[in-house]
Amino acid sequence: MYSPATIDAARNAARAEMIKGFIWVVAGGLVTGVTYLSAETGGSYFVFWGAMAYGGFRLIRAAYFWIRPHALIKRA
């Protein structure tokens, strides 16, 4: 139904989105870790769960589109 070049382009786009989602998850985890390590004993720290959740959502959605590139092509 779709040309192999179109499917490859869709998979490449999905792979790029997976990388971006992974970066969001890692960045949120790193910033959380830095604030945790810099907090005093019994002190408070920030958990960047929003960044990690956004990255996880983006990663999972991109993985779905990588497995099913036809869905991404239809969406575009």
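Residues numbered from 1 in each chain as written. Predicted model: local features only at pLDDT ≥ 70, side-chain atom pairs only at ≥ 80, totals over all residues. Heavy atoms only, no water.

## Let's talk about a nonpolar patch on the surface
We count it as follows: Patch membership requires over 30% relative accessible area and the absence of a salt bridge. Like charges are linked within 9 Å, and nonpolar side chains (Val, Leu, Ile, Met, Phe, Trp, Tyr) within 5 Å. Each accessible area is a Shrake-Rupley result for a 1.4 Å probe, and residues are judged covered by the shown protein chains and nothing else. Put simply, a salt bridge is a Lys or Arg side-chain nitrogen that is within 4 Å of an Asp or Glu carboxyl oxygen. In this text, helices come from DSSP runs of H or I with a minimum length of four residues, and strands from runs of E with a minimum of two, each type numbered from the N-terminal end.
Together, I19, F22, I23, V26 and L30 make up a nonpolar patch on the protein surface, roughly 480 Å² of accessible area in all. Within the secondary structure, V26 is located in helix α1 (residues 4-38).

## What about the nonpolar core?
We apply this condition: Only buried Ala, Val, Leu, Ile, Met, Phe, Trp, Tyr and Cys residues count toward a nonpolar core, and they belong to the same one when joined by side-chain atoms within 4.5 Å. Each residue is assigned to one of three classes by its accessible area relative to the maximum for its type, calculated with a 1.4 Å probe on protein chains only: buried under 20%, partly exposed between the two thresholds, exposed over 50%.
Within the largest apolar cluster, seven residues are counted, these being I7, A10, A14, F65, A71, L72 and I73. Only α1 and α3 (69-75) provide two or more residues apiece to this core.

## Looking at the environment of Y64
Looking at where Y64 falls in the secondary structure, it is placed in helix α2 (residues 49-67). The exposure class of Y64 is partly exposed, given its relative accessible area of 41%. With 26 residues separating them along the chain, Y64 and S38 place their C-alpha atoms 37 Å apart.

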